Amino acid sequence: MRRIGVVLPLALALLVACTAVTTPATPTTSPTATVPKPLPTPSGDEAVFAQQRERMVIDTIERRGITDEDVLRAMRTVPRHLFVPESQRQHAYGDYPLPIGYGQTISQPYIVALMTELLELKEGDKVLEIGTGSGYQAAILAEIPGIKVYTIEIIPDLAESARERLESQGYTNVHCKQDDGYYGWSEHAPFDAIIVTAAPDHVPPFLMDQMANGGRMVIPIGPPGGYQTLWKFVKSPDGELQAFNKGGVAFVPFTGPGAESHRGEGGHEWPFP
Ligand code: SAH
């Protein structure tokens, strides 16, 4: 295990998750219309969702400073409403996380875009995601040209439904597995990028070890059920680590025997692997 050579400020600088709430855009109607409107057809719904998706990208993602063209295109492309339970569809493009069952959430769209941008993906990269959940973040990663995605989910039902959802949408570059992601996916390591979408209170050392030289990891670290700090780790080509504090976030806890048996190791404030 390697200590990080950089000491960083620990204050939760910026609360970036679960903050603003926007109302989903609604289609405009003409006040002079006299003919009753036909019932919405599936294609009509799709057009409304597409409009809401475009507003989401402009109002909550571009406006907050995300500029990576591939990330913006992915956020414009993936049908987020197909990754949330039917009862939540009308909220799919709102600026907040949503429940996906089993006490878990699909992250706020801005956080998905921010974490994806922080990974600095390039053609040919292999990415490991811990916490498949709905599969939405995996689909966003899979939309980046030339990327292979490996994703692990600990809850069997979520793992199965995400696998089916991703398959049915034609994401052949996403490989899913049901397991405790604490131990990574050694058969496919090393990874050029690792993204963790549940919060442990320390960096799982297996993930650090499975990061390629020149790789990046984006991970929330902090106490379960509270606010955490979003960290970006960069491993230089000769294996030196640097850590960057990317502000305060709120994620669901990283569960499972791996994290639980090592809880407290490394502490909340010093995310040393
Ligand atoms: N990326 C997801 C967000 C899911 S929320 C999406 O786009 O929808 C975080 C997910 O991490 C939950 O589904 C939770 O079950 C999962 N998780 C928590 N601990 C885990 C672990 N040890 N290994 C794998 N997945 C884990």
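The coordinates are above.
Note that this is a predicted model, so its numbers are computed, not measured. (Residues numbered from 1 in each chain as written. Predicted model: local features only at pLDDT ≥ 70, side-chain atom pairs only at ≥ 80, totals over all residues.)

J.: Mind showing me how you'd approach the overall build of the protein chain here?
T.: A count of helical and extended segments in the protein chain gives 7 helices and 9 strands. Here the protein chain holds 273 residues, and 42% of them are scored as buried. Contacts in the protein chain between residues at least 24 apart in sequence constitute 62% of all its contacts with a sequence separation of at least 6. (Helix = DSSP H or I, 4+ residues; strand = E, 2+ residues; numbered from the N terminus. Buried ≥ 20, exposed ≤ 12 C-beta atoms within 10 Å, placed from the backbone. Contact = placed C-beta atoms within 7 Å.)

J.: What is the right way to read the site of the ligand from this model?
T.: Taken together, 25 residues sit near the ligand, with Gly-131, Gly-133, Ser-134, Gln-137 and Gly-181 positioned nearest. Counting only elements with at least two residues in the shell around the ligand, the list comes to β2 (104-106), α4 (136-142) and β4 (148-153). The leading source of residues in the shell around the ligand is β2, at 3 residues. Considering only residue class, the shell around the ligand consists of 12 nonpolar, 11 polar and 2 charged. (Near = placed C-beta within 6 Å. Nonpolar A, V, L, I, M, F, W, Y, C, P; charged D, E, K, R; others polar.)

J.: Looking at this structure, I do not really get the nonpolar core. What am I missing?
T.: Most often, soluble globular proteins have nonpolar side chains that are buried together. If you look at the biggest cluster of nonpolar residues, it comprises 72 residues, and the most contacted ones within it are Val-127 and Ile-194. For this core, the element with the most residues is helix α3 (residues 109-118), which contributes 7 residues. (Core = buried A, V, L, I, M, F, W, Y, C linked by C-beta atoms within 7 Å.)

J.: Could you clarify how one ought to interpret α3 in this entry?
T.: Since there are 3.6 residues in each turn of an α-helix, residues three or four apart along the chain are aligned in direction. Where burial is concerned, most of α3 is hidden: 9 out of the 10 residues are buried. Those residues of α3 that fall on the buried side of the exposure criterion are Pro-109, Tyr-110, Ile-111, Val-112, Ala-113, Leu-114, Met-115, Thr-116 and Leu-118. Count one or two residues on from α3 and you reach Glu-120, which has phi positive near 50°.

J.: Explain unusual backbone geometry here, please?
T.: Residues other than glycine predominantly adopt negative phi, and peptide bonds predominantly adopt the trans conformation. Of note, the amide linkage connecting Ala-189 to Pro-190 takes the cis form, showing an omega dihedral of 0°. Among the structural elements, Pro-190 can be located in the loop between β5 (174-178) and β6 (191-196). Of note, Tyr-102 is a non-glycine position whose phi angle comes to about 60°, a positive value.

J.: Hey, could you run me through the sheet that holds strand β8 (residues 228-235) in this one?
T.: Either a parallel or an antiparallel arrangement is found when strands of a sheet pair, and the pairing is made through backbone hydrogen bonds. Pairing is mixed in the open sheet, where 7 strands are placed in the order β5-β4-β3-β6-β7-β8-β9. With partners counted over all chains shown, the strands left at the sheet margins are β5 and β9 (241-249), one partner each. With direction set aside, neighbouring strand axes in the sheet form an average angle of 15°. In the sheet, β4 pairs with β5 via 5 bridges, with the strands oriented parallel. Across the sheet, the residue bridging to Ile-152 is Lys-177, located in β5. Its contacts with the sheet put helix α5 (residues 156-168) on β4 and β5, and the angle it makes with β5 is roughly 165°. (Pairing = 2+ DSSP bridges. Axes fitted to C-alpha atoms, helices over the stretch in contact; angles between N-to-C directions.)

J.: What should I look at first to understand helix α2 (residues 69-77) in this one?
T.: When we look at burial in α2, the residues that qualify are Val-71, Ala-74 and Met-75. Each buried residue of α2 sits inside an arc of 100° when the element is viewed along its axis, so together they form one side. Turned more than 90 degrees off the buried face of α2, the exposed positions are Glu-69 and Thr-77. (Arc of directions from axis to C-beta.)

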